[in-house]
Amino acid sequence: MTLKNVLLTNAISSGMTGLLLATMPSLFTQLFKTPHSSPFTLVGGFLIVFSVFVLATAMKKIISKSWTKFIITLDVIWVIASVIAVISLFYTISIIGSVMILAVAVWVGMMAYLQNRNLNTI
């Protein structure tokens, strides 16, 4: 898998997740068993912006190493923040919510790993 393909996969998966969170926050409030939908809308908005940035990076004729490193850094921060969120919210959100957060964190971690592994191919 090339760096471009990994970045495109990251952009598409982030964008789709962002659209789901931003357009259907009430679904996630039910799944997470939480009364507030605004965190889902805000995270969805962030993911939409992030996906546009990742897509722009992937579509460049010569992929920028510094932009890719920034994307990797954001992905790693996402994974760390996800673990912290699950630990700190464990008793206030559903098990399904915790599993969903951790599943996405594993996916994002895989994106960071593959991006980093392919970084030297550009």
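The structure this text deals with has already been given above.
Residues numbered from 1 in each chain as written. Predicted model: local features only at pLDDT ≥ 70, side-chain atom pairs only at ≥ 80, totals over all residues. Heavy atoms only, no water.

Caption draft 1: Spatial organisation of helix 4 (residues 65–89). Taking 1.5 Å of rise per residue, 25 residues should cover 36 Å, and helix 4 covers 35 Å from first to last C-alpha, within 8% of that figure. Contacts from the buried residues of helix 4 go to helix 1 (3–23), helix 3 (38–59) and helix 5 (95–118). (Helix = DSSP H or I, 4+ residues; strand = E, 2+ residues; numbered from the N terminus. Expected span 1.5 Å × (residues − 1). Contact = heavy atoms within 4.5 Å.)

Caption draft 2: Region of interest: the environment of Val43. Structurally, the position occupied by Val43 is in helix 3. Relative accessible area serves as the criterion here: at 32%, Val43 is assigned to the partly exposed category. Those residues in contact with Val43 that sit more than four places away from it in its chain are Leu21 and Trp78. (Buried < 20%, exposed > 50% of the residue type's maximum accessible area, 1.4 Å probe, protein only.)

Caption draft 3: Unusual backbone geometry, seen in detail. Although it is not a glycine, Lys33 sits at a positive phi angle of roughly 55°. Tracing the backbone shows Lys33 in the loop between helix 2 (25–32) and helix 3.

Caption draft 4: Just the environment of Leu89, in detail. On the secondary structure map, Leu89 appears in helix 4. For the pair formed by Leu89 and Thr41, sequence separation is 48 residues and the distance between their alpha carbons is 18 Å.

Caption draft 5: A look at the side chain of Thr68. Positionally, Thr68 belongs in helix 4. A relative accessible area of 0% means that Thr68 is categorised as buried. If near-sequence neighbours (up to four positions away) are discounted, Thr68 is found in contact with Leu3, Leu7, Thr57, Ile63 and Leu119.

Caption draft 6: Spatial organisation of helix 3. The end-to-end C-alpha separation of helix 3 is 32 Å, in line with the 32 Å expected for 22 residues at 1.5 Å each. Three or more residues of helix 3 are buried, namely Phe40, Gly44, Leu47, Phe50, Ser51, Val54, Thr57 and Ala58. Relative to the axis of helix 3, the buried residues are bounded by an arc of 140° and lie together on one face. Those residues of helix 3 that are exposed and aimed more than 90 degrees away from the buried face are Leu42, Val49 and Val52. Close packing links the buried residues of helix 3 with helix 1, helix 2 and helix 4. (Arc of directions from axis to C-beta.)

Caption draft 7: Spatial organisation of the environment of Leu27. Inspection of the secondary structure puts Leu27 in helix 2. The partly exposed category is assigned to Leu27, whose relative accessible area is 35%. Sequence separation between Leu27 and Phe40 is 13 residues, and the spatial gap between their C-alpha atoms is 9.7 Å.

Caption draft 8: Seen up close, the nonpolar core. One finds Leu3, Leu7, Ala11, Phe50, Val54, Ala58, Ile63, Ile71, Ile72, Ala112 and Leu119 forming the largest nonpolar core, which totals 11 residues. Core analysis: the next-biggest nonpolar cluster, separate from the first, contains eight residues, Phe28, Phe32, Phe40 and Ile93 among them. (Core = buried A, V, L, I, M, F, W, Y, C linked by side-chain atoms within 4.5 Å.)

Caption draft 9: Seen up close, the packing of aromatic side chains. In this structure the tally under the stated criterion is seven aromatic pairs. Considering the side-chain rings of Phe46 and Phe50, the 6.0 Å spacing of their centres and the 20° angle between planes classify their relative orientation as stacked. Taken together, the positions of Phe46 and Phe50, both in helix 3 and four residues apart, correspond to about one turn of that helix. Judged by relative accessible area, Phe50 falls into the buried class, the value being 7%. (Phe/Tyr/Trp six-rings, centres within 6.5 Å; stacked < 30°, edge-to-face > 60°.)

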